[in-house]
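Below are the chains, spelled out letter by letter.
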Amino acid sequence: MTRSSRTSAPPSPPAFPCPPYSAKVGHCQLFQNPEARSRVIDAATTLGRTTGLVLVDCSATYDTVNLLKDAVDHGCCVVLANKKPLTGAYEDFQKLVSNFRRIRFESTVGAGLPVIASVTRIIASGDPVSRVVGSLSGTLGYVMSELEDGKRFSEVVKTAKSLGYTEPDPRDDLGGMDVARKALILARLLGQQISMDNINVESLYPSELGPDAVSTEDFLESGLVQLDRSMEERAKAASSRGNVLRYVCEIGSAGCQVGLKEVPKDSALGRLRGSDNVVEIYSRCYESSPLVIQGAGAGNDTTAAGVLADVIDLQDLFQKTA
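Residues numbered from 1 in each chain as written. Predicted model: local features only at pLDDT ≥ 70, side-chain atom pairs only at ≥ 80, totals over all residues. Heavy atoms only, no water.

Named according to an unreviewed UniProt entry, the chain is Homoserine dehydrogenase originating from Urochloa decumbens. Looking at the chain in UniProt, the text filed under Cofactor (unreviewed entry) is "a metal cation". (UniProt positions renumbered as here; feature names shortened; annotations may be inferred.)

**As for the overall build of the chain**
Helix and strand counts for the chain come out as twelve helices and twelve strands. Buried residues in the chain amount to 48% of all 322 residues. A fraction of 65% describes how many contacts in the chain between residues 6 or more apart in sequence connect residues 24 or more apart. Accessible area of the chain: about 16200 Å², with a carbon and sulfur share of 49%. (Helix = DSSP H or I, 4+ residues; strand = E, 2+ residues; numbered from the N terminus. Buried < 20%, exposed > 50% of the residue type's maximum accessible area, 1.4 Å probe, protein only. Contact = heavy atoms within 4.5 Å. Areas by Shrake-Rupley, 256 points an atom, 1.4 Å probe, with all protein chains shown as cover.)

**Thoughts on the UniProt feature "binding site: L-homoserine" (unreviewed entry) in the chain**
Listed under "binding site: L-homoserine" (unreviewed entry) in the UniProt record, and renumbered for this structure, are Glu167. Considering the arrangement of structural elements, one finds Glu167 in the loop between α7 (153-162) and α8 (171-174). The partly exposed category is assigned to Glu167, whose relative accessible area is 40%. Ignoring any residue separated from it by four or fewer positions in sequence, one finds Glu167 in contact with Asp172 and Asp173.

**Some remarks on the UniProt feature "active site" (unreviewed entry) in the chain**
In this structure's numbering, the residues bearing the UniProt feature "active site" (unreviewed entry) are Lys182. Mapped onto the fold, Lys182 is located in helix α9 (residues 177-189). We classify Lys182 as buried; its relative accessible area is 6%. Other than its neighbours up to four places away in sequence, Lys182 contacts Lys83, Thr108, Val109 and Leu136.

**A closer look at the nonpolar core**
A general feature of soluble globular proteins is that nonpolar side chains tend to end up buried together. In this structure, Phe105, Met144, Phe153, Leu174 and Leu186 are the most contacted members of the largest nonpolar core, which totals 66 residues. Excluding residues within four positions of it along the chain, Leu186 makes contact with Val109, Val115, Ile116, Val119, Val132, Leu136 and Ile251. Val244, Val263, Ala268 and Tyr282 belong to the second-largest nonpolar core, a separate cluster that totals nine residues. (Core = buried A, V, L, I, M, F, W, Y, C linked by side-chain atoms within 4.5 Å.)

**Brief notes about helix α12 (residues 300-313)**
Its 14 residues place the ends of α12 20 Å apart at the C-alpha level, agreeing with the 20 Å of an ideal helix rising 1.5 Å per residue. Along α12, the residues classified as buried are Gly306, Val307, Asp310 and Val311. Summarising the axial view, the buried residues of α12 lie within an arc of 135°, below the 170-degree limit, and thus occupy one face. Across from the buried face of α12, at angles greater than 90 degrees, the exposed residues are Asp301 and Leu308. (Expected span 1.5 Å × (residues − 1). Arc of directions from axis to C-beta.)

**Re the side chain of Asp127**
Looking at where Asp127 falls in the secondary structure, it is placed in the loop between α5 (115-124) and β7 (129-135). Despite its burial, Asp127 pairs with no opposite charge; the closest candidate is Arg284, at 4.2 Å N-O. Looking at Asp127, its side chain comes within polar contact range of the side chain of Ser283, at 2.6 Å. (Lys, Arg positive; Asp, Glu negative; His and termini not counted. Salt bridge = Lys/Arg side-chain N within 4 Å of Asp/Glu carboxyl O. Polar contact = N/O pair within 3.5 Å; in protein donor to acceptor, adjacent residues only side chain to side chain.)

**Examining the environment of Leu86**
By secondary structure assignment, the location of Leu86 is in the loop between β5 (77-80) and α4 (90-96). Expressed as a C-alpha distance, the spacing of Leu86 and Leu96, which sit ten residues apart in the sequence, is 7.7 Å. If we ignore the near neighbours within four places in the chain, the residues touching Leu86 are Leu80, Phe93, Leu96, Phe105, Thr108, Ile185 and Arg188.

**A few points about the packing of α5 against α9**
Interaxial distance between α5 and α9 falls to 11 Å at its minimum, and their mutual angle equals 15°. Here α5 is positioned roughly parallel relative to α9, judged by the angle of their axes. The hand of the α5/α9 crossing is right-handed. Contacts between α5 and α9 involve Val115, Ile116, Val119, Thr120 and Ile123 from the former and Ile185, Leu186 and Leu189 from the latter. (Axes fitted to C-alpha atoms, helices over the stretch in contact; angles between N-to-C directions. Parallel < 35°, antiparallel > 145°, perpendicular 65-115°, else oblique. Left-handed = near helix turned anticlockwise from the far one by under 90°.)

What follows is the structure, encoded as structure tokens:
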């Protein structure tokens, strides 16, 4: 937790001896005694409602949901880089965003890119967003742009892995679930009360090559090459129509889809190269010429910068004193 304001610090809560009240783990202190926990929570509540205590979640688990909801109940601010709490049960999403001014989650979609801020700003202006289309995976953006140059799918994926673009098991990227989570956050932000089950997600590998059937080593060694012909045929077919393939999410009135899509070569998505993210936002004001956001959409530095910017942004909610 961190305090977001620059006000003078309130009196420190009483210090508790480590045993039997707490157990130290690294630089953190876990309060296990009920009385000690209660006193710490009371102090956090006071800080949260007066000086802007911020709970920052940079994990990658659903297990923090209850902790985050408790923080909301106690008046704390929340900053998320972790997508999963916002993509579980819709009731959890509603709870976390119930005080929208006190939650920031820019880094859940596009790392440090101002995607969430742009969408919320357009909505707040009274301009209804009709559609959002985005390439939100640096890994798949790289793979698709390399495939466009005539390279074999299997070689491109292995190169992406060697460059550190993919997860240790590339199927975590090729399955599309990370993009689907980002799409779900955007869809819910647009007011769609949907869950992951409502999103049509196209995986770039068949179930018979999935983690439950084939090891990572076997997938890299012999599974990937089985996908070369079909990917080559799809890329050539798109090229014959003056298009290129991109792995995108599309959120609109008809729902939310995630998968391969042909886009014009001269469009923002079609010009995408390397591991950048690109998002197109369509609304009444941006109907014929969408608002386009492009840049590095992954990486520790850009994500950390996005989280820090969210923490600093929350300072405006609290009165500063000399």
